[in-house]
Amino acid sequence: MNIRGRATFAAAAVAVVAIPSMAMAGDSHQDRTWAAERAIQGGTARNVILLIGDGMGDSEITIARNYQVGANGRLAMDTFPLTGAYTTYAVQKENPSLPEYVTDSAASGTGWATGDKTYNGAISVLPDGKPVPSILELAKKAGYRTGDVTTAELQDATPAVLGSHVVDRGCKGPQSMTACAVNDKVNGGAGSIAEQLVQTRPDVLLGGGKQYFDQVVQAGPDKGKTVTDQAKAAGYQVVTDTDGLAKASSGAPILGAFAKNNLDVEWVGPTPTRTGTAPTKCATNTARTATQPHLVDMTTKALDVLDRQTRHSRKGFFLQIEGASIDKQDHAANPCGQIGETVAFDAAIKKALDYQKSHRDTLVVVTADHGHTSQIVEEATLGYTATLITHDNANMTISYATAEITGSQQHTGTQVRIAAGGPQAANVLGVTNQTDLFHTMKRALGIR
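Here is a short report on the structure shown in this document. All residue numbers refer to position in the chain's written sequence, counted from 1. For a predicted model such as this one, the threshold for reporting local features is a pLDDT of at least 70, and the threshold for listing and counting side-chain atom pairs is 80 or more; totals across whole chains, interfaces and linings nevertheless cover every residue. Each side-chain value is worked out from all heavy atoms of the structure, with water and hydrogens disregarded.

A word on the overall build of the protein chain
By definition, any uninterrupted DSSP run of H or I lasting at least four residues is a helix, any uninterrupted run of E lasting at least two residues is a strand, and each is numbered from the N terminus. Each helix and strand counted, the protein chain has 13 helices and 19 strands in total. Atoms counted for the radius of gyration: C-alpha only. Globule rule: 2.2 Å times the number of residues to the power 0.38. Computed over its C-alpha atoms, the radius of gyration of the protein chain comes to 21 Å, within 12% of the 22 Å expected for a compact globule of 448 residues. Only protein chains enter the accessibility calculation, which uses a 1.4 Å probe; a residue whose area is less than 20% of its type maximum is buried, one above 50% is exposed, and one in between is partly exposed. The buried share among the 448 residues of the protein chain stands at 59%. For the accessible areas, the method is Shrake-Rupley and the probe is 1.4 Å, while residue cover comes only from the protein chains on display. For the protein chain, the computed accessible surface area is about 16900 Å², with 50% contributed by carbon and sulfur atoms.

This is the structure:
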């Protein structure tokens, strides 16, 4: 395997509010041909780290960059040696030969997790409902350690596609199976998303969604027990706060459920209006308690545990990390919430890149599942706008115009960025399909 060096990442610590970020000086007008050539590696990878910014289109990245490090600054996600774009469309359930141009997180996640297109709302099943194996399941079967980390409920679409198969993304717990009769254990199915995640048994499961793990199993040998009980019986260390996460050992799988639903957002700020807002700065969300770990904390723990578990093994690990509430705060037309989650996600990206520096046989990929609605505009629009004061001490006006402020802003059907470094990273170049990422990761791990 060719493990010659790739482009070196220049890092400078930048702190705005309470979240660390990585910044890089602007274009130095250097010839980067040599660096690009060095970055192209074939062969296999010992580890794959996939980082998903939910709803993190180019506009969301630009908004966060401008605010956090300035227009000429660079985030950690901007420093990858190889960058391309991929298409995100789903397919229509009743006629899978036709595209559904605007995807949701379930269909898009199924795309990169399994290599197959499906309909909006489907979790790693084909349009006919047939389950298809995910990259995490295939990696686990091949002897790799595995992890699944998110700031959302662990039963939310992006983490769910790695370890469960249901016909509707809403079937999160054993008492929430109305839309998934075919998957219900009562009817002989594999169960809810929560049950299946525990049954798939990734080595690290960290996020929110405690309420669904606390639901009672309705059928099978664990009937009458909670999914949490089921996890403990499967050998999981179950933790519910930052202190418990820090104390969890690498000797057994870890299930961390740190909130009833999604983890709390990092930042708060102005609510957009029809006429705009006065220029302002974002603020730390003081309602977020220290009992909830930050995404960078969960990433650090996952990498440490998986590294320890594989230190004396020929095979490494597969780890997916999601910055989930970029999307959720974009839906809510909450610019500071959205930016804070993007900056927190960027801190997790930097942690992955730091790990890669000492583990060159690691493929790191950063991408999104779909685009979203926020746009940088000149002045107040027909939608809802808010103005923030950026790192450059300049005003940046952000518009949300796909729904009323009391509703939910919409995804968009645009292609999104994909960037990578390490073995097989060159396969993200150009314009690819979301399903191609599955094959890139599978090839990198040497999985058939």
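From this point on, the discussion continues.
Quick notes on the state of the cysteines
By disulfide we mean two sulfur atoms from cysteines, separated by a distance within 2.5 Å. Evaluated as defined, the whole model comprises two disulfides. Between the sulfur atoms of Cys 171 and its disulfide mate Cys 180 the distance is 2.0 Å. Judged by the sign of its S-S torsion, about 95°, the cystine formed by Cys 171 and Cys 180 is right-handed. Cys 171 gets classed as buried once you look at its relative accessible area, which sits at 0%. Two residues share a disulfide in this structure: Cys 282 and Cys 336, whose sulfurs sit 2.1 Å from each other. Looking down the S-S bond of the Cys 282 and Cys 336 bridge, the torsion is -80°, so its handedness is left-handed. Here Cys 282, found in the loop between strand E11 (267-268) and strand E12 (283-284), pairs with Cys 336, found in helix H12 (residues 335-358); they are 54 residues apart in sequence, far enough to count as distant. In the protein chain, the bonded cysteines, numbered by position in the sequence, are linked as 1-2, 3-4.

A few points about the sheet that holds strand E19 (residues 431-433)
The sheet built from ten strands is open, its strands ordered E9-E10-E8-E7-E13-E3-E14-E18-E4-E19 with mixed pairing. Here the strands that pair on one side only, and so sit at the sheet edges, are strand E9 (237-239) and E19. Recorded for the sheet is a direction-independent mean angle of 15° between the axes of neighbouring strands. Pairing between strands requires that DSSP locate at least two bridges from one strand to the other. Note: strand E7 (residues 145-153) against strand E13 (residues 317-323), six bridges, orientation parallel. Bridge assignment links Arg 145 to a residue of E13, and that residue is Phe 317. An axis is simply a line fitted to the C-alpha atoms; with a helix, the fit covers only the stretch in contact. Between two such axes, the angle follows the N-to-C directions and lies from 0 to 180 degrees.

As for the environment of Asp 243
Looking at the element boundaries, Asp 243 is found in helix H9 (residues 242-247). Once the C-alpha coordinates of Asp 243 and Pro 293 are considered, the two residues, 50 residues apart in sequence, prove to be 8.8 Å apart. At a separation of 3.1 Å, a polar atom in the side chain of Asp 243 contacts the side chain of Lys 247. N or O atoms within 3.5 Å of each other form a polar contact, as long as, within protein, one can give a hydrogen and the other can take it, and as long as residues adjacent in sequence are counted only when both atoms are side-chain atoms.

Some thoughts on the pairing of strand E17 (residues 395-400)
Here E17 lies mainly inside the structure; five of its six residues are buried. Alignment of strand E15 (residues 375-377) against E17, held across three bridges, turns out to be antiparallel. Note on E17: the bridge partner recorded for Ile 376 is Ile 398. Across six bridges, the pairing between strand E16 (residues 384-389) and E17 is antiparallel. For Tyr 384, the partnering residue across the bridge sits in E17 and is Tyr 400.

Some details on the sheet that holds E15
In sheet architecture, strand pairing relies on hydrogen bonds along the backbone and comes in two forms, parallel and antiparallel. An order of E15-E17-E16 is seen for the three strands of this open sheet, with the pairing classed as antiparallel. Only two strands of the sheet have a single partner each, and these edge strands are E15 and E16. Taking the axes of each pair of neighbouring strands and ignoring which way they run, one obtains an average angle of 40° across the sheet. Contacts from helix H2 (residues 58-68) reach E15, E16 and E17, with the element oriented near 60° to E15. Only heavy atoms matter for contacts: two residues are in contact if any of them lie within 4.5 Å across the pair.

Comments concerning the pattern of salt bridges
The rule for a salt bridge is simple: a side-chain nitrogen of Lys or Arg has to be within 4 Å of a carboxyl oxygen of Asp or Glu. Under the counting rule described, the total for this entry stands at 16 salt bridges. By sharing partners, the salt bridges in this structure join Asp 104, Asp 156, Arg 169 and Lys 328 into a single network.

Here's the deal with the nonpolar core
Counting residues in each nonpolar core, the largest one holds 108 residues, and the members touching the most others are Ile 49, Leu 51, Phe 318, Ile 339, Phe 345 and Ile 349. Residue contributions to this core peak at nine residues, all from H12. In this structure Ile 49 touches Leu 303, Phe 317, Leu 319, Ile 321, Ala 352, Tyr 355, Thr 362, Leu 363, Val 364 and Val 365, once residues within four positions along its chain are discounted. Take the buried Ala, Val, Leu, Ile, Met, Phe, Trp, Tyr and Cys residues and link them wherever side-chain atoms come within 4.5 Å; each set so joined is a nonpolar core.

Some words on unusual backbone geometry
Negative phi is the rule for most residues except glycine; trans is the rule for most peptide bonds. Non-glycine residue Ser 124 carries a positive phi angle of around 50°. By the secondary structure assignment, Ser 124 is in the loop between helix H3 (105-114) and helix H4 (135-141). The phi dihedral of Asn 393 is positive, around 60°, even though this residue is not glycine. Along the chain, Asn 393 turns up in the loop between E16 and E17.

Quick look at the packing of H3 against helix H13 (residues 434-445)
Two elements in contact, H3 and H13, have axes separated by 6 Å at closest approach and are oriented at 30°. On the basis of their axis angle, the class for H3 and H13 is roughly parallel. Every residue of H13 that contacts H3 at Ser 108, Gly 111, Trp 112, Ala 113 and Thr 114 is listed here: Gln 434, Thr 435, Leu 437, Phe 438 and Met 441. When grouped by side-chain class, the residues that make up the contact of H3 with H13 number five nonpolar, five polar and no charged. Our angle categories are set so that under 35 degrees counts as roughly parallel, over 145 as roughly antiparallel, 65 to 115 as roughly perpendicular, and the remainder as oblique. Note on residue classes: Ala, Val, Leu, Ile, Met, Phe, Trp, Tyr, Cys and Pro are nonpolar, Asp, Glu, Lys and Arg are charged, and everything else, Gly too, is polar.

As for the side chain of Arg 46
As for its placement among the helices and strands, Arg 46 is situated in the loop between helix H1 (33-39) and strand E3 (47-53). One buried charge, Arg 46, has no salt-bridge partner; the nearest side chain with opposite charge is Asp 361, at 4.9 Å. Polar side-chain contacts of Arg 46 include one of 2.3 Å to the backbone oxygen of Thr 310. For Arg 46, the side chain forms a polar contact with the main-chain oxygen of Ser 313, separated by 2.6 Å. The convention is simple: Lys and Arg are positive, Asp and Glu are negative, and His and the chain ends are not counted.

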